[in-house]
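Inside the fold
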Protein chains: 2
Amino acid sequence: MSLVVQKYGGSSVADAEGIKRVAKRVVEAKKKGHQVVAVVSAMGDTTDELIDLAREVSPISSGREFDMLLTAGERISMSLLAMAIKSLGHEAQSFTGSQAGLITDAVHNKARIIDVTPGRIKDSVDEGNIAIVAGFQGVSQDSKDITTLGRGGSDTTAVALAAALDAECCEIYTDVDGVFTADPRVVKKARKIDWISFGDMLELASSGSKVLLHRCVEYARRYNIPIHVRSSFSPLPGTWVSNEPRGDQPMEQALISGVAHDTSEAKITIVGVPDKPGEAAAIFRAIADAELNIDMVVQNVSAATTGLTDISFTLPKTDGRRAIDALKKQKEGIGYDSLRYDDQVAKISLVGAGMKTNPGVTATFFEALANAGVNIELISTSEIRISVVTRQDEVNEAVRVVHTAFGLDSDSDEAVVYGGTGR
Amino acid sequence: MSLVVQKYGGSSVADAEGIKRVAKRVVEAKKKGHQVVAVVSAMGDTTDELIDLAREVSPISSGREFDMLLTAGERISMSLLAMAIKSLGHEAQSFTGSQAGLITDAVHNKARIIDVTPGRIKDSVDEGNIAIVAGFQGVSQDSKDITTLGRGGSDTTAVALAAALDAECCEIYTDVDGVFTADPRVVKKARKIDWISFGDMLELASSGSKVLLHRCVEYARRYNIPIHVRSSFSPLPGTWVSNEPRGDQPMEQALISGVAHDTSEAKITIVGVPDKPGEAAAIFRAIADAELNIDMVVQNVSAATTGLTDISFTLPKTDGRRAIDALKKQKEGIGYDSLRYDDQVAKISLVGAGMKTNPGVTATFFEALANAGVNIELISTSEIRISVVTRQDEVNEAVRVVHTAFGLDSDSDEAVVYGGTGR
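The structure presented is a predicted model; accordingly, all values stated were derived computationally and were not measured. (Residues numbered from 1 in each chain as written. Chains lettered and ligands numbered in written order. Predicted model: local features only at pLDDT ≥ 70, side-chain atom pairs only at ≥ 80, totals over all residues. Heavy atoms only, no water.)

1. Observations concerning the sheet that holds strand β14 (residues 258-262) of chain B
All names here are of chain B.
- Spatial ordering of the open sheet is given by β14-β19-β21-β20, a layout of 4 strands whose pairing is antiparallel. This sheet does not close on itself; its edge strands, each paired only once, are β14 and β20 (378-382). The mean angle between the axes of side-by-side strands here comes to 20°, regardless of whether they run parallel or antiparallel.
- Strands β14, β19 (345-351), β20 and β21 (385-391) of the sheet are contacted by helix α7 (residues 198-206), whose axis makes an angle of about 175° with β19. (Pairing = 2+ DSSP bridges. Helix = DSSP H or I, 4+ residues; strand = E, 2+ residues; numbered from the N terminus. Axes fitted to C-alpha atoms, helices over the stretch in contact; angles between N-to-C directions. Contact = heavy atoms within 4.5 Å.)

Shown next as structure tokens:
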């Protein structure tokens, strides 16, 4: 019998009505003859409310205890979902991350899964139950302490269980219809993508698309678990993310999968860096020692007259303060002139495996931006992605013109396709 | 180093302020040189809110899932308390019932403790931590499912841990100053009791006193763990419950420990029962088969002319409907005339080991009631308790006159004492 892992996010189980609606969805899958494992997040705002409570009692939210606190959220949603399913006449059992065998390292608040031993889940579904599993949580291997997996942890729980249980697929239920060619709130004509390769999805996720997180897609790719992202409010199919399109999916892949944008980053420019070996290393060692993650990095050609260059990079705004502090401390060692900090930037990224074989993509991208009067401040490229940094107040217009330029608009007949097989 | 187990109820940790206040109390005990284990209930109304949610999603609240749901409550309060303690500069770790080694049977919603294996708690306090433990919950021995201990479960958790850890005592913190000679809301002159024997406390608990539940006191008596019931809002000593008074406690025990009352019961009278062997057995077999607990039972002398008698008993009002149904089903088999159901009754109980050796107690009790015009409907006695059933609207007046008659009023010099050693 085929096994399906489903995951329902906080907005899908925000209240009693939501839980009952999810219970029906879960039972539908069971009735179709699948064994079903449903992973749930905490209800709606529960996690935020718990965080607020923690801040009220203590200025320091300690790792171990903070995890213990947060995991109460999924415990509530999972047991309620099990009850709702039972009241529909089906057997259900809920399991904590620990009971489900989600074994992690001991890094509280952002633990990594190191093993999955889902024996109890397997027994439960083999006995005919629907198994409900708390997302986002695990238990540390050595100390047996409760851990949480950090942002997007419930998606990762679902994919990890799907891999360990050899599931047919992992369905991620959310409050949108799937992955779109651009953020539908910005681009009204954005199209739902029927199928996208793991590779393109990874680039979209790291470029600002919020439907799936990079970590979850990476895990799914490693274990080759097809993901179906779909709405818990609608019966329509959503977006399949996998290595290869399925039989009923188009074999022609669009040249461009989508346009992502991200306004959560800031740009730091280090002005007047001597253009000699070791300078960039000194700068990024200082950043790394402060445990900060950076995104794009660009170094200009140095001015011939001065022998000085500028280095710019982007990073999450929330890390901006610490990055500036770390660089200021090393001013002597690095030997730069000054620092510029700019949080009014936005990043726009074009993603698509098709661009590898189509040299016109970059030109079309830049022309569209130029025609709309959008100035490009930084450029960075990967094999299947081009990203630019622009002014933040221009980002919505920029995304729209690029989306149109590549024929992605839903009423356009111009969608540029190429015969691909995914990657 | 001596180890103290403290227990804080839901009203003590109702909000962030409460949790911070409790954190200070816990730290005070630690500073006095004790190893400290603090057992907590869920915050304020959390449990009721979770029950409401369960009712919204399902008309049937299933045992296993219901327990999983409810245990989220203590998980929240215990982790917040640990954080609050850490922010005061002391190390703290929180543990679920399962982690703390509270092993129970598999009867969900009212599990019984069958073993306590507090190895992790012992290690934690030996390492210098304050250990915080979730009250009310455990894990079933065979199925490893999460269980809850039912009403008053957190007190039982605390006493069970105190026994398993060989604690010096178990402090039960609550929102009143201790055990009183009567309910202070009814008797303004009620006195706080400094020390009371396990035996008298057990009788008070089963007669309507709500400060400690029978089950917790019974457990403490079996393992000889002194209980100190006291207020989390005040530094004053409360009431010690133990086998023997401690060195600093009065060796003279009051003739009467207190007057308890209970308005939660109903009276059922079975009229016209043939006075022959086996009748009472048939009646109470019917009640037992319906899994109902009864309290007082009284059978009148049968009328010589008819050979028929009446049997009355009291039981919780909440079980009244089911008891009547069970008896109606067996009407043929038992062969009675009719049933009377009366939920306008109250029970008043006088408790004190001293009454064993003082034959005047019963007379003084009944005279006090008679002088106040209170009619007695049923009487039942144990070695150290006399209980009567009266009309419910007379109960407050009845408790007051009895309290006064035995010299228990706080401004009275007449307190009747006897040289006892406790029991």
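2. Comments concerning the interface of chain A and chain B
- The partner chain B presents 42 residues to the 41 residues of chain A that form the contact.
- Summed over both partners, the interface of chain A with chain B buries about 3,300 Å², with 65% contributed by carbon and sulfur atoms.
- Three residues stand out in chain A for area buried against chain B, namely A:Val57, A:Arg75 and A:Met83, and they jointly supply 22% of the buried area on that side.
- Linking chain A with chain B are 2 salt bridges. (Buried area = accessible area lost by both parts, 1.4 Å probe. Salt bridge = Lys/Arg side-chain N within 4 Å of Asp/Glu carboxyl O.)

3. Focus: the state of the cysteines
Residues and elements named next belong to chain A.
- The tally for this structure, following the rule as stated, stands at 0 disulfides over all chains.
- Free cysteine Cys 216: the closest other cysteine sulfur is in Cys 170, separated by 6.7 Å.
- Assessed through its relative accessible area of 1%, Cys 216 is described here as buried. (Disulfide = S-S within 2.5 Å. Buried < 20%, exposed > 50% of the residue type's maximum accessible area, 1.4 Å probe, protein only.)

4. Some thoughts on the relation of the copies chain A and chain B
- By a simple turn and slide, chain A fits onto chain B: the slide is 0.1 Å along the axis, the RMSD is 0.1 Å, and the turn is 180°. Such a combination of rotation and displacement between the chain copies is what one expects of a two-fold axis. If distances are taken from each C-alpha of chain A to the rotation axis, the shortest is found for A:Ala72, at 2.4 Å.
- The share of interface residues of chain A whose copies in chain B are also at the interface is 100%, consistent with both copies meeting through the same surface. (Least-squares fit on C-alpha atoms with pLDDT ≥ 70 in both.)

5. So, a negative patch on the surface
- Together, A:Asp15, B:Asp45, B:Asp48, B:Glu49, B:Asp52 and B:Glu56 line one region of the surface with negative charge.
- By the element assignment, B:Asp52 lies in helix α2 (residues 46-57). (Patch = residues over 30% accessible without salt bridge, like charges linked within 9 Å, V, L, I, M, F, W, Y side chains within 5 Å. Areas by Shrake-Rupley, 256 points an atom, 1.4 Å probe, with all protein chains shown as cover. Lys, Arg positive; Asp, Glu negative; His and termini not counted. Charge placed at Lys NZ, Arg CZ, Asp CG, Glu CD.)

6. A closer look at the nonpolar core
- By size, the foremost hydrophobic cluster in this structure holds 76 residues, and its most contacted members are A:Leu80, A:Ile85, A:Ile132, B:Leu80, B:Leu81, B:Ile85 and B:Ile132.
- Sequence-distant contacts of B:Ile85, that is, excluding residues within four places in its chain, are made with B:Ala23, B:Val26, B:Val27, B:His90, B:Ala92, B:Ile130 and B:Ile132. (Core = buried A, V, L, I, M, F, W, Y, C linked by side-chain atoms within 4.5 Å.)

7. What to know about the pairing of strand β7 (residues 137-140) of chain B
Residue and element names in this part refer to chain B.
- In this sheet, β7 lies alongside strand β4 (residues 102-104) in parallel orientation, the contact comprising 2 bridges. Bridge pairing links Ile 103 to Val 139 in β7.
- Direction of pairing for β7 relative to strand β8 (residues 146-148): antiparallel, over a ladder of 3 bridges. In the sheet register, Gln 137 faces β8, and the bridge partner there is Thr 148.
- The turn joining β7 and β8, which pair antiparallel and follow one another in sequence, is formed by 5 residues; a positive phi near 60° is taken by Lys 144.

8. Here we look at the environment of B:Tyr8
Residue and element names in this part refer to chain B.
- In this fold, Tyr 8 is placed in strand β1 (residues 3-8).
- Once the C-alpha coordinates of Tyr 8 and Thr 318 are considered, the two residues, 310 residues apart in sequence, prove to be 28 Å apart.
- When residues no more than four places from it in sequence are discounted, the contact partners of Tyr 8 are Val 13, Val 22, Arg 25, Val 26, Ala 38, Val 39, Val 40, Ser 41, Tyr 173 and Ser 232.
- In terms of polar contacts, Tyr 8 uses its side chain to reach the side chain of Gln 6, at 2.8 Å. (Polar contact = N/O pair within 3.5 Å; in protein donor to acceptor, adjacent residues only side chain to side chain.)

9. Thoughts on the pairing of strand β17 (residues 308-316) of chain A
All names here are of chain A.
- Bridging between strand β15 (residues 265-274) and β17 involves 8 bridges; their strand directions are antiparallel. When the sheet's bridge partners are listed, Thr 269 is paired in β17 with Ser 312.
- Relative to β17, strand β16 (residues 297-299) is paired through 3 bridges, and the arrangement is antiparallel. Bridge pairing links Val 298 to Ser 312 in β17.

10. Section: the domain arrangement of chain A
- Taken domain by domain, chain A consists of domain 1 (3-175) and domain 2 (250-423).
- In this structure, domain 1 of chain A and domain 2 of chain A have C-alpha centres spaced 36 Å apart. (Domains from an automatic or database assignment.)

11. Comments concerning the sheet that holds strand β18 (residues 338-342) of chain B
Residue and element names in this part refer to chain B.
- Spatial ordering of the open sheet is given by β16-β17-β15-β18, a layout of 4 strands whose pairing is antiparallel. Two strands bound the open sheet, and with one partner strand each, they are β16 (297-299) and β18. Each adjacent strand pair in this sheet contributes to an overall mean axis angle of 15°, direction not counted.
- Contacts between helix α9 (residues 279-289) and the sheet are confined to β15 (265-274), β16 and β17 (308-316), with β17 contributing the most and set at about 25° to the helix.

12. Remarks on α9(B)
All names here are of chain B.
- When we look at burial in α9, the residues that qualify are Glu 279, Ile 283, Ala 286 and Ile 287. Viewed end-on, α9 has its buried residues packed into an arc of 95°, placing them on one side of the element. For α9, exposure combined with an orientation more than 90 degrees from the buried face picks out Ala 281, Arg 285 and Asp 289.
- For α9, the elements touching its buried residues are β15, β17, α10 (320-329) and α11 (331-334). (Arc of directions from axis to C-beta.)

13. So, the environment of A:Ala111
Residue and element names in this part refer to chain A.
- As for its position among the elements, Ala 111 is in the loop between β4 (102-104) and β5 (113-116).
- What makes Ala 111 buried here is its relative accessible area of 0%.
- C-alpha separation for the pair Ala 111 and Gln 137, spaced 26 residues apart in sequence, amounts to 8.6 Å.
- The residues touching Ala 111, leaving out its near neighbours within four places in the chain, are Thr 104, Asp 105, Thr 147, Thr 148, Leu 149 and Arg 215.

14. A few points about the confidence of the model for chain A
Residues and elements named next belong to chain A.
- For chain A, the mean per-residue pLDDT works out to 90, and 95% of the residues sit at or above 70.
- Predicted confidence is poor over residues 417-423, with pLDDT under 50, and the contacts of this stretch with residues over four places away or in other chains come to 25 contacts.
- At the level of chain-chain contacts, confidence expressed as ipTM amounts to 0.77, with global pTM at 0.82. (pLDDT = per-residue confidence, 0-100.)

15. Description of the UniProt feature "binding site: ATP" (unreviewed entry) in chain A
All names here are of chain A.
- When the UniProt feature table is mapped onto this chain numbering, "binding site: ATP" (unreviewed entry) sits at Lys 7, Tyr 8, Gly 9, Gly 10, Thr 174, Asp 175, Arg 185, Lys 210 and Val 211. Annotated residues spanning 205 residues; largest pairwise C-alpha distance 23.8 Å, indicating distribution over more than one region.
- Lys 7 gets classed as buried once you look at its relative accessible area, which sits at 9%.
- With respect to the helices, strands and loops of the structure, Val 211 is situated in the loop between α7 (198-206) and α8 (214-223).
- Given the relative accessible area of 23%, Val 211 is considered partly exposed.
- Filtering out sequence-adjacent residues up to four positions away, Val 211 remains in contact with Asp 155, Val 176, Gly 178, Val 179 and Val 229. (UniProt positions renumbered as here; feature names shortened; annotations may be inferred.)

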